[in-house]
2 protein chains.
Amino acid sequence: MTIKVPVKSDIEIAQEAAKKPIKDIANGLDIVEEELELYGHYKAKLSLDIFNRLQDKEDGKVIFVTSINPTPAGEGKSTVTVGLGQALNKLGKNAVVALREPSLGPTMGIKGGATGGGYSQVIPMEEINLHFTGDIHAITTANNALAAFIDNHMQQGNELQIDTRKIMWKRVVDLNDRALRKIVIGLGGPVQGVPREDGFDITVASEIMAILCLANDLQDLKTRLAKIVVAYNTSNEPVTVHDLGVEGALTLLLKDAIKPNLVQTLEHTPAIIHGGPFANIAHGCNSVIATKMASKLGDYVVTEGGFGADLGGEKFLNIKARSANIKPEAVVIVATIRALKMHGGVAKDALKEENVEALENGLQNLQKHVETIQAFSLPFVIAVNRFVADSDNEIACLMNWCETNGYPVSLTEVWEKGGNGGLDLAEKVLHIIETSENNFKPLYDVEASIEEKLTTIATTVYGATKVTFTPQAKKQLLQFEGEGWSNLPICVAKTQYSLSDDATKLGRPEDFEITVRELRPKIGAGFIVALTGDVLTMPGLPKKPAALQMDVDADGNAVGLF
Amino acid sequence: MTIKVPVKSDIEIAQEAAKKPIKDIANGLDIVEEELELYGHYKAKLSLDIFNRLQDKEDGKVIFVTSINPTPAGEGKSTVTVGLGQALNKLGKNAVVALREPSLGPTMGIKGGATGGGYSQVIPMEEINLHFTGDIHAITTANNALAAFIDNHMQQGNELQIDTRKIMWKRVVDLNDRALRKIVIGLGGPVQGVPREDGFDITVASEIMAILCLANDLQDLKTRLAKIVVAYNTSNEPVTVHDLGVEGALTLLLKDAIKPNLVQTLEHTPAIIHGGPFANIAHGCNSVIATKMASKLGDYVVTEGGFGADLGGEKFLNIKARSANIKPEAVVIVATIRALKMHGGVAKDALKEENVEALENGLQNLQKHVETIQAFSLPFVIAVNRFVADSDNEIACLMNWCETNGYPVSLTEVWEKGGNGGLDLAEKVLHIIETSENNFKPLYDVEASIEEKLTTIATTVYGATKVTFTPQAKKQLLQFEGEGWSNLPICVAKTQYSLSDDATKLGRPEDFEITVRELRPKIGAGFIVALTGDVLTMPGLPKKPAALQMDVDADGNAVGLF
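Computed from a prediction, not measured in an experiment: that's the story for all the values here.

**Side note on the packing of aromatic side chains**
In this description, a pair of aromatic rings is defined by centroid distance and the angle of the planes.
For step 1, the next point in the chain: Using the criterion set out here, one finds twelve aromatic pairs over all chains in the structure.
For step 2, the next point in the chain: Centre to centre, the rings of Y39 of chain A and Y39 of chain B are 5.2 Å apart; their planes meet at 55°, and the pair counts as tilted. Taken together, the residues span two chains, with Y39 of chain A in the loop between β1 (36-38) and β2 (44-46) and Y39 of chain B in the loop between β1 (36-38) and β2 (44-46).
For step 3, the next point in the chain: Measuring from centroid to centroid gives 5.5 Å for W401 of chain A and Y407 of chain A, while their planes differ by 70°, and the two rings are edge-to-face.
For step 4, the next point in the chain: Under the relative-accessibility criterion, W401 of chain A is labelled buried at 18%.
For step 5, the next point in the chain: Exposure remark for Y407 of chain A: the relative accessible area of 11% places this residue in the buried category.
For step 6, the next point in the chain: An aromatic cluster is built from F380, W401 and Y407 of chain A, whose rings are joined through pairwise contacts.
For step 7, the next point in the chain: Of note, K19 of chain A hangs over the ring of Y42 of chain A, and the distance from its end group to the ring centre comes to 4.8 Å.

Next comes the structure, spelled out in structure tokens:
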């Protein structure tokens, strides 16, 4: 049994695809003309009025795709999500895919694109990977306008008495630009502003991205924006966007960005792509509006969260599903042979060699994520995303292990074969939805203390023995309780490579503690960020950025995205 | 004779307007469906393929609108441009308006919008004033991606030996953010980058904006991007985008931004809005592609340049028209009673009081701009843009002066009456096009020395006695000649308020010299910038920014843009 390698690159496959006009895709979903705002021939924004018109229609069933702890190259979660959506449609179901919008930073830097791969992609991939419909640019602009209003407020007399040393609001660019991590601004004398330390994050780490992704509608967006804590004043009291009086202007800048975007997959499955918060500093899922819209328009929604079940997965289930009242019907846990071998101790450059022993060793990582999904009382299917170098012995080992444990599993070839490569997975997912009991419940009560909630996540999801707090974090625990911020869900910022807070501990680490270094109030988003280890909110570029390969051909088509 | 005040604000008028679907506007221009990319129902991008399809069609006649030296509130040049376009259509001509895209910085800061006013506006004004079709965001992204590539190059070994003290490429935001004018980046130790002085400009001051506006097509755009000089190396040799190898990636980021945008005026006159470079540090005109597209689609094109005839006017005629081989047929010089009174010595807060003597005094400013247009051998009409406070005596004085001098003049009421308020102006413009001799020629030969070209502009256009150079500028003159950069047109950065380089010298200053402080090579744009006085490339916000009034209503409509 060998797997064929598509000789074509992702962008070649995507550009050769026969795209349907997005109007036709929308027609198939019973969207009426006034609800569709075209952005060119193959992209459109959807009006939120659809929710009103279809309020009596039953919601489609939500299938959530997550994965084991990934390797730096990613495990193909988006590819499986797209492939599963295509497969469901091949089986005659009305399925809609809901995905995140890619950030330009990684696209220009390392990844070259984030729209699935092979024959399971969303298209037009070059548009989605570049400016798309401008949502991320709108967020960048709103974020930086707020920063300018803060510095201008201080320059013009500082009526709110903002403490220049305690400004938490950072500027953003949607690029990998390490030189902006730590900067000093406002230099040049009294006419040029108030000098202070500052720094830029990547846009997808902005609280405004998280807010856009958790807001239910435009009014909710405005209410959340108003609550953002941007700084403390000289009496150490929080200063909010509402204190600055600019929530209206920020909402205005986001009035189109809040509308979800409709595109299609290579096989014309409708895909709603909207929002893309980081899965470490934020909750890592596409927008509530995207998932709910997909659920209004389709009988099945296939959606995903960033990184593994310990990050995007835990946050989808504890933060997004709770906040939006979404009840997932099934979970797909994506695993790859090569990542499992890495968890079993194989070095990155030896992953192409067969190593059944290492694979067996690495299965404990998958086992932990299975237990996590079980802790949420959700039925699941393991999807093995097949890669070219996977050997028959390795595949047999993995399938046997699943069978022995009684775990539903499917070997998927969606990358090579599109929807046809995911038919078995689709059937198994439909089967567990029909046959399993599903008592989904978030893992913790939001009314519990910050410490209790963190302990639940760390022990149940990561497998840690306990949580410890640095002196700074302890001080913040008290302060946040005093501000009335403790009854919010927790968003843990942690390395994606390990279940622990140490990126080098692969597999299933044991006897470890999670150290919370710092807490950050994201009151607009509606969660408290707990930082563990060093979390990078502004990536850097590699020595040879992906951008060096990029170009346009004589007809104006994109070249070198992959 | 009194003028009625519309009791409605600009945004109220614009939102109440019966908009035609942009498809219908495009149909009226013989644009075929594949050439139109809709952005919602009322905006579209136009394919550059139109140029090929219509290559044998005769170009429409270009009417260029400029003004006297403006007051801080602006003289209504865009309003007259829109009104004249509407009036020409009322006379049965097929006219298309070509305008610049507004920058969000001034919109959020002071102006609240830049899309004409009253009953001579382009719509949807709130879209055009906010993110529009994303062109400026694409430019911001390309500009900042280039900055990240430069800093990353130094971080990764600095093969090109870029001198960290001699990097000329600045980052940008499309906001007024004075705290970013002078900053220090790359702090935090060796992992965070190379520390250096830096600063942000507003996006419209980016050389990439100027390049987009002067490029003839995508290939020309790429060629120009490759030539941008970003820094000098340690041997004081220029380092270009081509040396960094990223012109392809930058072109890819701009592949949609290069397509011009089609909207409509309140009276459904087609309007092409594309590009918006600063008129001081850059050439201040909408894109060559916009003007040429309007000229392919219409029999008449009404277009404008930023600030007065000494800045945007001179640059349209010496830089843009030359580079794009555009031959304007007539010039409209916009003047207002209140600006003329200011030039005649009246303080800003006394402009509403009748003052015929000051008006007479201020007419010398208008006289100078008339002479400038005559120096280009172009026929002109003076358009008096009527304001509410203008008295009958003042208007009579101005009209008499024009008659005495034999200058064609029209009192326009396009703000109050739309196209109907500009019928007389339209007839006079058509008349001079038909009857006047037009021997248009740029004022200088590009092959002349930088010094000679600057002297021509300063003496002929500004009325200066001569040009002097600071020691730094003198050194640069020699350096630029050595690099082979001297046969480019000159783009003077000068205050817009005065003909001289001193903003306080109103009217028609005499016996003054122009001091060139610094020269900057904009090799991608294809001109040399000569800086006189202090030129602000990053504005600041006022104490009460316009943003404080902005909001969305319950239906998601924009509120508080004006």
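**Some points on the UniProt feature "binding site: ATP" (unreviewed entry) in chain A**
Residue and element names in this part refer to chain A.
For step 1, the next point in the chain: In the numbering used here, UniProt assigns the "binding site: ATP" (unreviewed entry) feature to T71, P72, A73, G74, E75, G76, K77 and S78.
For step 2, the next point in the chain: Along the chain, K77 falls in helix α4 (residues 77-90).
For step 3, the next point in the chain: Not counting the four nearest positions on each side in its chain, K77 is found in contact with V65, T66, S67, G305, G306, F307 and V334.
For step 4, the next point in the chain: As for its position among the elements, S78 is in helix α4.
For step 5, the next point in the chain: In this view, S78 contacts G116 and E304; residues no more than four positions away in its chain are not counted.

**Some details on the pattern of salt bridges**
For step 1, the next point in the chain: What the rule picks out here adds up to 55 salt bridges over all chains.
For step 2, the next point in the chain: Across the salt bridge formed by D256 of chain A and K259 of chain A, the nearest N and O atoms sit 3.1 Å from each other. For the residue pair D256 of chain A and K259 of chain A, the accessibility class agrees, reading buried in each case.
For step 3, the next point in the chain: It is possible to trace a salt-bridge network through shared partners that takes in E37, K255, D256 and K259 of chain A together with K43 and E127 of chain B.

**Brief notes about the sheet that holds strand β21 (residues 490-493) of chain A**
All names here are of chain A.
For step 1, the next point in the chain: Strand order across the open sheet formed by four strands is β20-β22-β23-β21, with mixed pairing between neighbours. At either end of the open sheet lies a strand with only one pairing partner, and these are β20 (466-469) and β21. Across the sheet, the mean angle from the axis of one strand to that of its neighbour is 40°, orientation sign disregarded.
For step 2, the next point in the chain: In this structure, strand β22 (residues 513-522) lies alongside strand β23 (residues 527-532), joined through six bridges in antiparallel fashion. Each bridged residue has a counterpart across the sheet, and for E518 the counterpart in β23 is L531.
For step 3, the next point in the chain: Docked against the sheet, helix α19 (residues 450-462) engages β20, β21, β22 and β23, running at close to 55° with respect to β21.

**Examining the interface of chain B and chain A**
For step 1, the next point in the chain: Taken together, the contact between chain B and chain A spans 70 residues of the former and 70 residues of the latter.
For step 2, the next point in the chain: Where chain B packs against chain A, one counts six salt bridges.
For step 3, the next point in the chain: Where K255 of chain B meets E127 of chain A, a salt bridge forms, and the shortest distance between an N and an O atom there is 2.9 Å.
For step 4, the next point in the chain: There are 29 residue pairs in polar contact (both at pLDDT 80 or more) connecting chain B and chain A.
For step 5, the next point in the chain: The element that contributes the greatest number of residues to the side of chain B that touches chain A is helix α7 (residues 135-155) of chain B, accounting for ten residues.
For step 6, the next point in the chain: Its residues assigned to classes, the side of chain B that touches chain A shows 36 nonpolar, 18 polar and 16 charged.

**Quick notes on helix α7 (residues 135-155) of chain A**
For step 1, the next point in the chain: Its 21 residues give α7 of chain A an end-to-end C-alpha distance of 30 Å, which sits within 8% of 30 Å, the value for a rise of 1.5 Å per residue.
For step 2, the next point in the chain: Where burial is concerned, most of α7 of chain A is hidden: 20 out of the 21 residues are buried.

**A short note on the relation of the copies chain B and chain A**
For step 1, the next point in the chain: The two copies are related by a screw operation: chain B maps onto chain A through 180° of rotation and 0.0 Å of translation along the axis, at an RMSD of 0.0 Å. What the rotation and shift describe, once combined, is the action of a two-fold rotation axis. No C-alpha of chain B approaches the rotation axis more nearly than that of Y39 of chain B, which lies at 2.2 Å.
For step 2, the next point in the chain: Both copies share a contact surface, since 100% of the interface residues of chain B are interface residues in chain A too.

**Examining the state of the cysteines**
Residues and elements named next belong to chain B.
For step 1, the next point in the chain: Taken as a whole and assessed by the stated rule, the structure comprises zero disulfides over all chains.
For step 2, the next point in the chain: Free cysteine C285: the closest other cysteine sulfur is in C213, separated by 8.4 Å.
For step 3, the next point in the chain: Taking the relative accessible area as the measure of exposure, C285 reaches 0% and is therefore buried.

**Structural notes on the environment of V302 of chain A**
Residues and elements named next belong to chain A.
For step 1, the next point in the chain: Along the chain, the position of V302 falls in strand β16 (residues 300-304).
For step 2, the next point in the chain: Relative accessible area serves as the criterion here: at 0%, V302 is assigned to the buried category.
For step 3, the next point in the chain: For the pair V302 and Q86, spaced 216 residues apart in sequence, the C-alpha separation works out to 9.9 Å.
For step 4, the next point in the chain: Non-local contacts of V302, meaning those with residues more than four positions away in its chain, are made with I63, V65, T81, L84, G85, L88, V96, V97 and A98.

**Some remarks on the pairing of strand β21 (residues 490-493) of chain B**
All names here are of chain B.
For step 1, the next point in the chain: Side chains of β21 alternate between two faces, with I490 and V492 and C491 and A493 buried alike.
For step 2, the next point in the chain: As paired elements, β21 and strand β23 (residues 527-532) share four bridges and run parallel to each other. Across the sheet, the residue bridging to A493 is L531, located in β23.

**Quick word on the nonpolar core**
For step 1, the next point in the chain: The biggest cluster of nonpolar side chains holds 329 residues, and the ones touching the most others in it are L366 of chain A together with L366 of chain B.
For step 2, the next point in the chain: Not counting chain neighbours up to four residues away, the residues in contact with L366 of chain B comprise I68, I333, A335, L340, I382, L398 and W401 of chain B.

Thresholds applied
- Residues numbered from 1 in each chain as written.
- Chains lettered and ligands numbered in written order.
- Predicted model: local features only at pLDDT ≥ 70, side-chain atom pairs only at ≥ 80, totals over all residues.
- Heavy atoms only, no water.
- Phe/Tyr/Trp six-rings, centres within 6.5 Å; stacked < 30°, edge-to-face > 60°.
- Helix = DSSP H or I, 4+ residues; strand = E, 2+ residues; numbered from the N terminus.
- Buried < 20%, exposed > 50% of the residue type's maximum accessible area, 1.4 Å probe, protein only.
- Lys NZ or Arg CZ within 6 Å of the ring centre and 35° of its normal.
- UniProt positions renumbered as here; feature names shortened; annotations may be inferred.
- Contact = heavy atoms within 4.5 Å.
- Salt bridge = Lys/Arg side-chain N within 4 Å of Asp/Glu carboxyl O.
- Pairing = 2+ DSSP bridges.
- Axes fitted to C-alpha atoms, helices over the stretch in contact; angles between N-to-C directions.
- Polar contact = N/O pair within 3.5 Å; in protein donor to acceptor, adjacent residues only side chain to side chain.
- Nonpolar A, V, L, I, M, F, W, Y, C, P; charged D, E, K, R; others polar.
- Expected span 1.5 Å × (residues − 1).
- Least-squares fit on C-alpha atoms with pLDDT ≥ 70 in both.
- Disulfide = S-S within 2.5 Å.
- Core = buried A, V, L, I, M, F, W, Y, C linked by side-chain atoms within 4.5 Å.

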